[in-house]
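# Overview (structure and organization)
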Amino acid sequence: MARALALLAAAFLLAGCGADVADNQSDLIVVNEGPCDVTVYLDGQELFTVEAGSDRAATDIGYGRHVVEATDSRGELLVRKVVELAPAEDYYFVVNDC
């Protein structure tokens, strides 16, 4: 019984690892830790709004150089980052305040 449980646990872990390895997309994950909603731009194009204290993701943004920006409700720039993503690399963009 213990051996069967160990094999089941190992299969579950390997399946989870395989899913990450198979994901060859570059994703942008925005974490808004600030007290207000922010609008996120990717390469100059409005992407979405992230509510205060929450997060959102954009999948398959492509690898290479990207400019990620966050603005407040008045349109004032809060954060700008230039990132260079490798294929299948994800980027966590954290907004701390507004």
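It should be noted that the structure appears before, not after, this text.
Let me sum up the structure you'll find in this document. Small disclaimer: the values here were computed from a predicted structure and weren't measured.

Reading the values: rules and limits
- Residues numbered from 1 in each chain as written.
- Predicted model: local features only at pLDDT ≥ 70, side-chain atom pairs only at ≥ 80, totals over all residues.
- Heavy atoms only, no water.
- Disulfide = S-S within 2.5 Å.
- Helix = DSSP H or I, 4+ residues; strand = E, 2+ residues; numbered from the N terminus.
- Buried < 20%, exposed > 50% of the residue type's maximum accessible area, 1.4 Å probe, protein only.
- Core = buried A, V, L, I, M, F, W, Y, C linked by side-chain atoms within 4.5 Å.
- Contact = heavy atoms within 4.5 Å.
- Pairing = 2+ DSSP bridges.
- Axes fitted to C-alpha atoms, helices over the stretch in contact; angles between N-to-C directions.

Once that is clear, we can look at the state of the cysteines. In total, this model carries 1 disulfide according to the counting rule given. A sulfur-sulfur distance of 1.8 Å marks the disulfide that ties Cys36 to Cys98. Here the residue Cys36 occupies a position in the loop between strand 1 (28–32) and strand 2 (38–42), and Cys98 occupies one in the segment after strand 7 (91–95), the gap between them amounting to 62 residues. Its relative accessible area of 22% is what places Cys36 among the partly exposed residues.

The tendency in soluble globular proteins is for nonpolar side chains to be buried as a group. Counting residues in hydrophobic clusters, the biggest one holds 17 residues, and the most contacted among them are Leu28, Val30, Val40, Val68 and Phe93. Apart from the residues lying within four places of it in its own chain, the contact partners of Val40 are Val30, Gln45, Glu46, Leu47, Phe48, Val50, Val68 and Glu69.

We now examine the environment of Asp55. As for its position among the elements, Asp55 is in strand 4 (residues 55–58). Here the alpha-carbon distance between Asp55 and Val94, two residues 39 residues apart in the chain, equals 9.1 Å. The contacts of Asp55, once residues within four sequence positions are left out, are Val30, Val31 and Val50.

On to the sheet that holds strand 3 (residues 45–50). Here we have 4 strands laid out as an open sheet, ordered 3-2-5-6, and antiparallel in their pairing. Looking at which strands have only one partner, the edges of the open sheet turn out to be strand 3 and strand 6 (77–85). Between one strand axis and the next, the sheet turns by 20° as a mean value, whatever way the strands run. Note that strand 5 (residues 64–71) and strand 6 share 8 bridges and pair antiparallel. If you follow Glu69 over to strand 6, its bridge partner there is Arg80.

Looking now at the side chain of Ser26. Counting through the fold element by element, Ser26 comes out in the loop between helix 1 (2–22) and strand 1. Apart from the residues lying within four places of it in its own chain, the contact partners of Ser26 are Thr59, Asp60, Ile61, Gly62, Tyr63, Leu85, Ala86, Pro87, Ala88, Glu89 and Asp90.

We now examine the environment of Ile61. With respect to the helices and strands, the residue Ile61 is situated in the loop between strand 4 and strand 5. Measuring from C-alpha to C-alpha, the distance between Ile61 and Ala88 comes to 9.9 Å, with 27 residues separating the pair along the chain. Apart from residues no more than four positions distant in its own chain, Ile61 is found in contact with Ser26, Asp27, Leu28, Leu42, His66 and Leu85.

So, on to the sheet that holds strand 7. Within a sheet, adjacent strands bond to each other through the backbone by hydrogen bonds, running parallel or antiparallel. Ordered in space as 4-1-7, the 3 strands form an open sheet in which the pairing is mixed. Edge positions in the open sheet fall to strand 4 and strand 7, since each of these has one partner strand only. The sheet shows a mean angle of 20° between the axes of neighbouring strands, taken without regard to direction. Pairing geometry for strand 1 and strand 4, over 4 bridges, is antiparallel. Within strand 4, the position partnered with Ile29 by the bridge is Ala57.

As far as function goes, none of this settles anything; it's purely spatial.
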